[in-house]
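Summary of the model geometry
Next come the chains, spelled out residue by residue.
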Amino acid sequence: MHRRTLLSAIAATSALAITTACSAGADSQATAKDGATTVTLALDWTPNTNHTGIYVAQAKGWFKDAGIDLKIVPYGSTAPETLIANHRADFGISYQEGITTARAAGQDITSVYAVTQKTDVTVAVRADRTDISSPKDLDGRTYAGFGAPYEKPLLQKVIRNAGGKGDFKQVTLNTSAYAALYAGKADFAMPMPTWEGLEAKLSGKPLKNFQLSDYGFPAIYSTLIASSDQFLKKNPAVAKKFLAAVDKGYRYAADHPDRAADLLIAANKSVLTNTRLVKESSQLLAKEYYRGADGTIGTQSAARWKAFADFEYGAGLLVDADGKKLTKAPDTSAFFTNAYLPDTK
């Protein structure tokens, strides 16, 4: 569904990789033949339901109506965070861990829109594991993960808060999470309920989930849209028009999940062949993830950014531009902004 690896190598990315990844940059805005402003958006993975609002707005002509010619950059070997920070993409799909890591290292990247409000990752085991009823029962078990440094301290915190010791073994996934669990290669994993969890259910191999927030872990913005300070300061009007169209797309997806799924599938027929999975994912996102507890869509909170950065700093995961560990928790006030969101009151 999306990348889940630490992005500490962003600062060291070669200029060649950046240049070849995306020829359209944020340094100068291109103008299409019809007078529209070309805006680039880098995807974080192949098209999926995290991107629904983008494709809805595109299909409905809302970017065009805003005077924007949107160019969607397919995911490649260069992460969206790298393209954004090096001003080779105007916007990109990201996530809180990625932006926190990059921004702490001095990279020019800022979150401007929260696609999902609820944390879209859980600790999961096979549904038939009667011997595991709480994260504390994961002590001594085997975890199937993605090899990212933040996974271990996150899981240790959850397990310890549940009453366990936080001692477990680790293996790196080379298949889907539920396949590894049912094959007996591991006891638990951290899948996304809105995709991998549904895949497991539809495959007849359901999972039992433990929500991170139930065990004292701070809420995570699992899917975000980011830009650079340079682009935002140079093109505030374009940024606001872009996010107004984006917001309209995700509000449509929240209110009409089935129709939104149809538009997403129609734009990506060769990729999204499991239409039932896409439909169920769209419905779940609309029901539980797009809107916050207060009904808001797209907004971000300072407390949430600080809590996650404090966790990463406490775990020794944040480094500066020279690769040295930070000696104090970062000021996250500039890691995100709500300033370019439309007024929907």
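The following refers to the structure shown.

What counts and what doesn't
- Residues numbered from 1 in each chain as written.
- Predicted model: local features only at pLDDT ≥ 70, side-chain atom pairs only at ≥ 80, totals over all residues.
- Heavy atoms only, no water.
- Axes fitted to C-alpha atoms, helices over the stretch in contact; angles between N-to-C directions.
- Helix = DSSP H or I, 4+ residues; strand = E, 2+ residues; numbered from the N terminus.
- Parallel < 35°, antiparallel > 145°, perpendicular 65-115°, else oblique.
- Left-handed = near helix turned anticlockwise from the far one by under 90°.
- Contact = heavy atoms within 4.5 Å.
- Phe/Tyr/Trp six-rings, centres within 6.5 Å; stacked < 30°, edge-to-face > 60°.
- Buried < 20%, exposed > 50% of the residue type's maximum accessible area, 1.4 Å probe, protein only.
- Lys NZ or Arg CZ within 6 Å of the ring centre and 35° of its normal.
- Expected span 1.5 Å × (residues − 1).
- Nonpolar A, V, L, I, M, F, W, Y, C, P; charged D, E, K, R; others polar.
- Core = buried A, V, L, I, M, F, W, Y, C linked by side-chain atoms within 4.5 Å.
- Salt bridge = Lys/Arg side-chain N within 4 Å of Asp/Glu carboxyl O.

Quick look at the packing of helix α5 (residues 96-104) against helix α13 (residues 302-314) now. The geometry of α5 relative to α13 is characterised by a closest axis approach of 11 Å and an angle of 70 degrees between their N-to-C directions. On the basis of their axis angle, the class for α5 and α13 is roughly perpendicular. For the pair α5 and α13, the crossing hand works out as right-handed. From α5, Gln96, Glu97, Ile99, Thr100 and Thr101 reach across to α13, where they touch Arg304, Trp305, Phe308, Ala309 and Glu312.

It is worth spelling out the packing of aromatic side chains at this point. Each aromatic ring pair is summarised here by two numbers: the centre-to-centre distance and the angle between the ring planes. This model, assessed by the stated rule, comprises 17 aromatic pairs. For the pair Phe91 and Phe231, a centre-to-centre distance of 5.2 Å together with 75 degrees between the ring planes defines the contact as edge-to-face. With Phe91 in strand β3 (residues 91-94) and Phe231 in helix α9 (residues 229-234), this pair connects stretches of sequence that are 140 residues apart. Taking 6.5 Å as the distance between ring centres and 80 degrees as the angle between the ring planes, the aromatic pair formed by Phe210 and Tyr215 counts as edge-to-face. Residue class for Phe210 comes out buried when judged on its relative accessible area of 6%. The structure contains a cluster of three or more aromatic residues connected by ring pairs, namely Phe63, Phe91, Phe231 and Phe242. When the ring centre of Tyr221 is taken as reference, the NZ or CZ atom of Arg304 above it lies at 3.9 Å.

Taking 1.5 Å of rise per residue, 13 residues should cover 18 Å, and α13 covers 18 Å from first to last C-alpha, within 8% of that figure. Contacts from the buried residues of α13 go to α5, β4 (110-114), α6 (151-161) and β10 (224-227). Gly316 sits one or two positions beyond α13 and adopts a positive phi of about 75 degrees.

The next point concerns the packing of helix α2 (residues 52-59) against helix α10 (residues 236-255). Two elements in contact, α2 and α10, have axes whose closest approach is 7 Å; the angle formed by their N-to-C orientations is 110 degrees. Here α2 is positioned roughly perpendicular relative to α10, judged by the angle of their axes. On α10, the residues that touch Thr52, Gly53, Ile54, Val56 and Ala57 of α2 are Ala245, Val246, Gly249, Tyr250, Tyr252 and Ala253. The residue inventory of the contact of α2 with α10, partitioned by class, reads eight nonpolar, three polar and no charged.

What follows deals with the side chain of Thr142. Here Thr142 lies in strand β6 (residues 142-145). Using a relative accessible area of 15% as the deciding quantity, one classes Thr142 as buried. In this structure Thr142 touches Lys169, Val171, Lys185, Ala186, Asp187 and Phe188, once residues within four positions along its chain are discounted.

This brings us to the nonpolar core. Counting 46 residues, the largest nonpolar core has Phe91, Tyr113, Ile225 and Phe242 as its most contacted members. When residues in this core are grouped by element, the largest group, ten residues, is from α10. Within the second largest apolar cluster, 24 residues are counted, among which are Ala148, Phe210, Tyr215 and Phe311.

Going through the model one piece at a time under the given rule, you end up with 13 salt bridges. Across the pair Asp131 and Arg141 runs a salt bridge, and its minimum N-O distance is 3.3 Å. Linking Asp131 in the loop between β5 (122-126) and β6 with Arg141 in the loop between β5 and β6, this pair joins segments that are ten residues apart in sequence. According to the relative accessible area criterion, Asp131 is partly exposed, its value standing at 37%. Beyond isolated ion pairs, a larger network of salt bridges with shared partners links Arg129, Asp131, Arg141 and Asp187.

No statement about biological role is implied by the geometric values presented.
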